[in-house]
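One-letter residues, chain by chain:
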Amino acid sequence: TQLLEQSPQFLSIQEGENLTVYCNSSSVFSSLQWYRQEPGEGPVLLVTVVTGGEVKKLKRLTFQFGDARKDSSLHITAAQPGDTGLYLCAGGGAGTYKYIFGTGTRLKVLA
Amino acid sequence: DTAVSQTPKYLVTQMGNDKSIKCEQNLGHDTMYWYKQDSKKFLKIMFSYNNKELIINETVPNRFSPKSPDKAHLNLHINSLELGDSAVYFCASSQGPLRETQYFGPGTRLLVL
C-alpha cells in the first residue's frame with residue numbers, strides 16, 4: 001500500500017518566518033501534487049511536479065520533487081496569515097487513475 | 001457560476017437511515033470522484049467515474065453506491081448509515097482520468113447520531 005507521510009503534522013509560526021513541509025514515501029510516484037485546503041472548503045491545487053529533481057515556484061512558495069520521485073517539499077518564504085490552512089501532498093502512480101493523499105500539515109501563521 | 005457543487009452542505013441523521021449526496025460540475029469534465037475526509041483530515045478516494053463508467057472502486061462498504069446519470073453528475077447513496085460514516089465527503093472533477101488537475105466541491109459534512 002502506498003503511503004505518503006507529511007511532516008510536521010502541525011505548525012504554528014509568526015508572520016515573516018520561513019517554513020518547510022515535507023512529504024515522504026517509500027514508493028515512487030510518477031507525479032506529485034500539492035493542495036491547500038481552507039476551513040469549510042475543498043482542497044485547491046497549488047502545483048504538480050512530474051520530473052525527479054524538479055523545482056517550481058509560485059510567488060513565495062517553492063516546491064521540489066525528490067530526485068528519486070519518492071518525496072517532495074514545500075518551502076514558504078516570509079509566511080503570511082493568508083498562508084494558513086491544511087497543506088496536502090498527493091502522489092500519482094504509474095498505471096493508476098488515482099492520487100494517494102498525504103497525511104496533511106496544518107499550518108497557522110500568526111499576525 | 002460554481003464549478004463543482006454539492007448538496008446538501010450539512011447532513012445530520014440517525015444510525016440506520018439511508019441518505020444521498022448529490023454532486024454537479026459545470027466544467028465540462030469527463031471524470032468525477034468521491035472522497036472521504038475523516039476527522040484527522042485524511043483524504044481518501046472512494047470512487048471515480050469517467051464518462052459515466054466506474055474506473056475507481058476502492059475498498060468501501062457496499063452500503064455506499066455511486067451513480068452517474070450523466071457526465072456532469074455523480075451522486076452517492078449510503079444505506080444503513082453507521083456512526084463511522086461521519087465525515088466530510090468531497091466530490092471532485094477533472095478533465096480526464098489520467099491524474100489531471102482535480103477541482104473539488106465544498107464538501108458535505110455528514111454526522112450520524
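A short tour of the structure in this document, coming up. (Residues numbered from 1 in each chain as written. Chains lettered and ligands numbered in written order. Predicted model: local features only at pLDDT ≥ 70, side-chain atom pairs only at ≥ 80, totals over all residues. Heavy atoms only, no water.)

## Things to note about the pairing of strand E1 (residues 4–7) of chain B
Residues in a regular strand project their side chains so that they alternate between the two faces of the sheet.
All names here are of chain B.
Phase 1: Alternating positions in E1 separate cleanly, Val-4 and Gln-6 being buried on one face and Ser-5 and Thr-7 remaining unburied on the opposite face.
Phase 2: Bridge count for E1 against strand E3 (residues 19–25) is four bridges, and the pairing is antiparallel. Along E3, the bridge assignment pairs Ser-5 with Glu-24. (Buried < 20%, exposed > 50% of the residue type's maximum accessible area, 1.4 Å probe, protein only. Helix = DSSP H or I, 4+ residues; strand = E, 2+ residues; numbered from the N terminus. Pairing = 2+ DSSP bridges.)

## Structural notes on the sheet that holds strand E6 (residues 55–58) of chain A
Residue and element names in this part refer to chain A.
Phase 1: Ordered in space as E1-E3-E8-E7-E6, the five strands form an open sheet in which the pairing is antiparallel. On the outer flanks of this sheet lie strand E1 (5–7) and E6, each paired with one strand and no other. Direction aside, neighbouring strands of the sheet carry axes that sit 15 degrees apart on average.
Phase 2: Sheet topology places strand E3 (residues 19–24) next to strand E8 (residues 71–76); six bridges connect them, and they run antiparallel. Looking at the pairing, Asn-24 lines up with Asp-71 of E8. (Axes fitted to C-alpha atoms, helices over the stretch in contact; angles between N-to-C directions.)

Structural measurements only, silent on function.
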